[in-house]
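Residues per chain, in single letters:
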Amino acid sequence: MSIISDVKEVTELIKKIGNQELYEKIVNLSDDIFTLREENLALKEKLKELESAFETDNKLVRHGNYYCVEGHEDALNDSIYCMACWDHDRKLVNLIRESGYDGVTISCNICNSRKAQ
Ligand SMILES: [Zn+2]
């Protein structure tokens, strides 16, 4: 049995007894349990995000003004990520490499940072 079903069962028993003061206390306790449960779920989700970011952070290697995944440094043309987006928002954003008359530029569509290569 879960704590939620236990509280519901106790609430029903108190309701049958007819003690208003006890009933109000169990209703308040039940509300507190729901609030704690919501907070617990939010914290678990945040922990998952942080663990994932930590794992990714350990795999990233800085090359100049961008990141690539460790072990894939030879694929710099395909797998380069925005340093600003990762450092500030923990978002892994692929950078776009464009050739123009003034040379090659690397840009990020999210933060619009632009770097000359
Ligand atoms: Zn960016």
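Residues numbered from 1 in each chain as written. Predicted model: local features only at pLDDT ≥ 70, side-chain atom pairs only at ≥ 80, totals over all residues. Heavy atoms only, no water.

## Concerning the pairing of strand E4 (residues 96-100)
The two faces of a sheet get side chains in turn, since along a regular strand they alternate between them.
Right, so step 1: Two strands pair when backbone bridges link them, and E4 and strand E5 (residues 103-107) are joined in this way by five bridges, in the antiparallel orientation. Bridge pairing links Ile96 to Ser107 in E5.
Right, so step 2: In textbook terms, the turn of a hairpin is the stretch between consecutive antiparallel strands, and for E4 and E5 this stretch comprises two residues. (Pairing = 2+ DSSP bridges. Helix = DSSP H or I, 4+ residues; strand = E, 2+ residues; numbered from the N terminus.)

## Overview of the coordination of the zinc ion
Right, so step 1: Binding of the zinc ion to the protein goes through Cys82 (SG), Cys85 (SG), Cys108 (SG) and Cys111 (SG), at separations of 2.2 to 2.4 Å.
Right, so step 2: Seen from the zinc ion, its four donor atoms lie at angles of 101 to 116 degrees, and the figure they make is tetrahedral.
Right, so step 3: Linear spacing of the donor residues for the zinc ion on their chain is C-x2-C-x22-C-x2-C.
Right, so step 4: The exposure class of Cys82 is buried, given its relative accessible area of 0%. (Donors = N, O, S within 2.8 Å, 3.2 Å for Na, K, Ca; no water. Tetrahedral: all angles 85-135°; square planar, octahedral: opposite > 155°, others 65-115°. Buried < 20%, exposed > 50% of the residue type's maximum accessible area, 1.4 Å probe, protein only.)

## Points about the confidence of the model for the protein
Right, so step 1: Counting all residues, the mean pLDDT for the protein is 88, and 91% of those residues have values of 70 or more.
Right, so step 2: When mean pLDDT is taken per element in the protein, helix H2 (residues 20-59) scores highest with 95 and strand E6 (residues 114-116) scores lowest with 54. (pLDDT = per-residue confidence, 0-100.)

## Comments concerning the pattern of salt bridges
Right, so step 1: Counted by the stated rule, this structure contains one salt bridge.
Right, so step 2: Measuring nitrogen to oxygen at the nearest pair gives 3.9 Å for the salt bridge that ties Lys46 to Glu49. A residue pair is termed a helical-turn pair when its members lie 3 or 4 positions apart in one helix, as Lys46 and Glu49 do in helix H2 at three residues.
Right, so step 3: For Glu49, a relative accessible area of 46% puts it in the partly exposed group. (Salt bridge = Lys/Arg side-chain N within 4 Å of Asp/Glu carboxyl O.)

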